[in-house]
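A closer look at the structure
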Amino acid sequence: MNSSKPLRTDEKRLTTDGKLKWDPVFINGGAEVVFTLQETPTQTRLMRLKIIDGSVSPLHSEATTSEFEATYSADSRVYAFVQNRGNLNLKLILRDTTKKKDAIFDPGSGFACIRRPSMSADGNKVVFSMPNAAGQQIYLIDSQGANRKELTRTSLNNWPAFSPDGSHIAFSSSRDGNFDIYVMELDGGKVARLTRNPGMDIRPAWSPDGRRLAFTSNRNGRYQIFIMQPDGSHLTELATDSDRDDYVAWHPDGRNLILVAEKKGRSDLYQIPAPI
Amino acid sequence: MIDVGSFKAHLCEGVNRRAFLKAGLLAPLGLTATQASSALAAESKKVRSVVLLWLWGAPSHVDTFDPKPNAPAEFRGPFSTIPTRTPGVRFTELLPRLASRSDRFTLIRSNRNFHSGHTEAGTIALTGALDNAAGIQPNFGSIVAKGRPASSLPSFLAVGRGFPRDVVGPVKGYGGGNWGKVHDPFLVHCSDVGDVDIPTLKLLDGLTPSHLQDRRELLKELDSHQRKLDQAEIGKWDNTRDKAYALLTSPEARKALDVTREKEAVREAYGQTSFGQSCLLARRLVEACVSYVQVNWSQYVESMTPNCDFGWDTHIYNFEMLPDRHCPILDRVLSAFLDDLQQRGLLESTLVIAMGEFGRSPRITPQAARDHWPNVYFSLWAGGGVQPGRVIGESDRLGQEPLTEAITPTMVGTTILERAGFDAQARAELRVLPGGRVIHELF
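Okay, so let's go over this structure.

Criteria and cut-off values
Residues numbered from 1 in each chain as written. Chains lettered and ligands numbered in written order. Predicted model: local features only at pLDDT ≥ 70, side-chain atom pairs only at ≥ 80, totals over all residues. Helix = DSSP H or I, 4+ residues; strand = E, 2+ residues; numbered from the N terminus. Rg over C-alpha atoms; globule rule 2.2 N^0.38 Å. Buried ≥ 20, exposed ≤ 12 C-beta atoms within 10 Å, placed from the backbone. Contact = placed C-beta atoms within 7 Å. Pairing = 2+ DSSP bridges. Axes fitted to C-alpha atoms, helices over the stretch in contact; angles between N-to-C directions. Bend = angle between axes of the 7 residues up to and from the residue. Core = buried A, V, L, I, M, F, W, Y, C linked by C-beta atoms within 7 Å. Parallel < 35°, antiparallel > 145°, perpendicular 65-115°, else oblique. Left-handed = near helix turned anticlockwise from the far one by under 90°. Nonpolar A, V, L, I, M, F, W, Y, C, P; charged D, E, K, R; others polar.

Broken down by element type, chain A carries zero helices and 24 strands. For 276 residues, the compact-globule formula gives about 19 Å, and the C-alpha radius of gyration of chain A, at 18 Å, lands near that figure. Looking at chain A as a whole, 50% of its 276 residues are labelled buried. In chain A, the proportion of contacts linking residues at least 24 apart, taken out of those at least 6 apart, comes to 38%.

Now for the overall build of chain B. When helices and strands are counted, chain B shows 15 helices and 15 strands. Looking at chain B residue by residue over its 443 residues, the buried ones come to 60%. Taking the intrachain contacts of chain B between residues at least 6 apart in sequence as the baseline, contacts between residues at least 24 apart amount to 73%.

Next up on the list: the interface of chain B and chain A. Accessible area lost upon the coming together of the parts serves often as the stated size of an interface. With 35 residues of chain B in contact, the opposing surface of chain A contributes 36 residues. Listing elements by their share of the side of chain B that touches chain A, those giving two or more residues are α11 (264–270), α12 (274–287) and α13 (318–343) of chain B.

So, about the sheet that holds strand β4 (residues 43–50) of chain A. Two strands in a sheet stick together by hydrogen bonds in their backbones, pointing the same way (parallel) or opposite ways (antiparallel). All names here are of chain A. The strand order β2-β3-β4-β5 describes an open sheet built from four strands, whose pairing is antiparallel. Strands with a single pairing partner mark the edges of an open sheet, and in this sheet they are β2 (21–27) and β5 (56–58). Neighbour-to-neighbour, the strand axes of the sheet open up by a mean angle of 35°, direction not taken into account.

Residues and elements named next belong to chain A. For strand β16 (residues 180–185), the tally of buried residues reaches five of six residues, placing the bulk of the element in the interior. Across six bridges, strand β15 (residues 168–173) lies against β16 in antiparallel orientation. Within the sheet, the bridge partner assigned to Ala170 lies in β16 and is Val183. Where β15 hands over to β16, the hairpin turn is made up of six residues, of which Gly177 adopts a positive phi near 125°. As paired strands, β16 and strand β17 (residues 192–193) are joined by two bridges and run antiparallel to one another. Looking at the pairing, Val183 lines up with Ala192 of β17.

On to α13 of chain B, then. Given 3.6 residues to a turn, an α-helix orients residues that are three or four positions apart in the same direction. Residues and elements named next belong to chain B. At His326, α13 shows its largest kink, close to 40°, and the proline Pro328 lies no more than four residues downstream. A large share of α13 lies buried, amounting to 21 of its 26 residues. Phi for Gly345, located one or two positions after α13, is positive at around 70°.

Ile169 of chain A together with Leu285, Val293 and Leu380 of chain B are the most contacted members of the largest nonpolar core, which totals 183 residues. Top contributing element to this core by residue count: α13 of chain B, with eleven residues. Beyond its immediate stretch of four places on either side in the chain, Leu380 of chain B contacts Phe65, Phe105, Leu107, Ile353, Ala354 and Met355 of chain B.

Another aspect to go through is the environment of Phe111 of chain A. Mapped onto the elements, Phe111 of chain A comes out in the loop between β9 (101–105) and β10 (115–119). Linking Phe111 of chain A and Ser163 of chain A, residues 52 residues apart in sequence, is a C-alpha distance of 31 Å. Dropping the residues within four chain positions of it, Phe111 of chain A is found in contact with Leu88 and Asn89 of chain A together with His315, Ile316 and Gln367 of chain B.

Moving on, we get to the sheet that holds strand β8 (residues 90–96) of chain A. Residues and elements named next belong to chain A. The four strands lie next to each other as β6-β7-β8-β9, forming an open sheet whose pairing is antiparallel. Lying at the two open borders of the sheet, with one neighbouring strand each, are β6 (67–72) and β9. Across this sheet, the average inter-strand angle for adjacent strands is 25°, counted without regard to direction. The pairing of β6 with strand β7 (residues 78–84) spans four bridges and is antiparallel. Looking across to β7, one finds that Glu67 is bridged to Gln83.

Once that is clear, we can look at the packing of α12 of chain B against α13 of chain B. All names here are of chain B. At their nearest, the axes of α12 and α13 sit 9 Å apart, and the two run at 15° to each other. Looking at the two axes, α12 sits roughly parallel to α13. Pair α12 / α13 crosses with right-handed handedness. Across the interface between the two elements, Phe275, Gly276, Cys279 and Arg283 from α12 touch Ile329, Arg332, Val333, Phe337, Asp340 and Leu341 from α13. Here the residues of the contact of α12 with α13 sort into six nonpolar, one polar and three charged.

Residues and elements named next belong to chain B. Judged by how many residues are buried, helix α6 (residues 118–127) sits mostly within the fold: nine of ten residues are covered. Along α6, the residues that are buried comprise His118, Thr119, Ala121, Gly122, Thr123, Ile124, Ala125, Leu126 and Thr127. Packing partners of the buried residues in α6 comprise α7 (140–146), β6 (165–166), β7 (169–170) and α14 (409–419). One or two positions beyond α6, positive phi appears at Gly128, with a value near 75°.

With that settled, consider unusual backbone geometry. All names here are of chain A. Even without being glycine, Arg116 reaches a positive phi, approximately 55°. The exposure class of Arg116 is buried, given the 24 C-beta atoms found within 10 Å. Positive phi, close to 55°, is recorded for Arg203, a residue that is not glycine.

All names here are of chain A. Looking at the secondary structure, you find Ile114 in the loop between β9 and β10. Of the residues examined, Ile114 has 23 C-beta atoms within 10 Å and is grouped as buried. Here the alpha-carbon distance between Ile114 and Asp241, two residues 127 residues apart in the chain, equals 33 Å.

With that out of the way, let us pick up the environment of Asp258 of chain B. Residues and elements named next belong to chain B. Locating Asp258 in the fold gives a position in the loop between α10 (251–257) and α11. Taking the number of C-beta atoms within 10 Å as the measure of exposure, Asp258 has 16 and is therefore partly exposed. The spatial distance from the C-alpha of Asp258 to the C-alpha of Leu281 is 7.8 Å, given a sequence separation of 23 residues.

Honestly, that's just the spatial picture; any functional story needs more than this.
Shown next as structure tokens:
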């Protein structure tokens, strides 16, 4: 393993409120960040952060229910997010901002879970994770929430991520015992295992050029960010003084990362240079 | 009357006979002299405070403190195990800080409840009474508070946004039950940044500890509000007013409730979450010698379903929720709480219990999560004379049933009361928890 451990002296703190937050994603060419905020003890809200002035405002100011896990097309024209619709019932909303139109993928009534959507760069497809009788599987749908295809078959599979060229899906799976990172083709074929260790390897995130994957691992006893090539080689650990680094995403320039770091008990967004 | 004397003399120096009897005479439903005598006999071994971290919703035992690494995948789940400081004992990877502090507490892995519904099981777990058909028995905290004099702070405080509930209603065992609402806990809420408010006084718009420095002004405000209430509410109001008055006008009480007085490093150790700052508030209440504090983990961190109080009820997204939020928060906060009590010399005089109302189904459900499982679950015990660094009881290889004697809610309650100074005679005289046995293995 290549443990170059770059220092974090040039990290930039983007928020200062310390509240719980998750799943940042750059939009509009890196000018803004959308993330999930624990706004109140009873509601999460999607927030929009403008990098230029640090201002933060609700993405959907009218939302009265919890929303989280936003994912965008490369041009930020189309996005998807999970919305709570009642008693432990989650739905996927697909929103086209140009047409001002929503499509909904509804996993059903009662206890129903859909998590971790990831949108293709062209905005035409979404992968997500949803339970079935065999565990929790990765599914593919189109931008209208239709034409569902099951991409995995067994065990718990989660945190799918579209490669920038739309040809592969990186994801985590417990198929070999605990959560490790895998990659598969868009039809679910040619699955390759990229990590092998007893800790959790979760939340893979592709670099914009598709040549690297960042992910979270607790292999050293705390949640940290690692980066590797899509074949699992050249593993690099990001040095940290945080209690927890998690929810990593790439800047469109491919040279910077954004993550949620928990430092001194406070959770905030930080931008850090990606290791070369 | 609530105020029975000076803050320090009657709370921090223990309860002497005179003070105890005085409190009994003054309390509306106080103890008899015999009851007091019996309680005093247990004085020497009793703890000053009890703190229950109530993990409402029911945490998965298999994914936390009782992993089954050799079980089939459909039971085991995806989490690896890590060693603890206790030889041969492993937790899941989600609890590294607590694993490194397993010498600070003892774990019971053979708890058992007798109902699979939250509110019913919650009532059983909080009262120790298996049959509440004839009326709800009092919460352990209500019993402890009855035998302890209140000061400027109530003897039984609950920290939370409200009393735990699910969609069908509240857990009935949250408070005084048959003994009446006067024995309910006094509810305070602490936000993620340590702002404390008193939900039961929401009718008193604008009245908060920070706003009210002047006793006369407060009294005037309270009287004004009282006049607005109808007669049916007066009884409840009197009690509320007394408590509110004592709480809001006492410098000691205000000080205890002001989490922002803590050093920044201490607040950071607990973390900026409501549960974290609530546990810090609990430690301050322990320091102020409050007899019984119940911190309710409920709407603090579970917000996927707004305004439903699910807590650890992970029927869906169990395998996301635990690693993302619940376990990191519990791991940090409980570790900080135990460290803090230890460093301040408070752990030995404080009995700390962390538990939910039951466990979760060892077999993973079709929702890729875990449902209710009353047959076996865990509880964590620290301080208060508990011999730490051990595991008591054992569940079977799949985590479905106890292999050893089941530890029942009655036994849990009996043990709490015994350590709080209520021996068998005192319990009998109060007609609570008949037939329960103390979990002697803990001590």
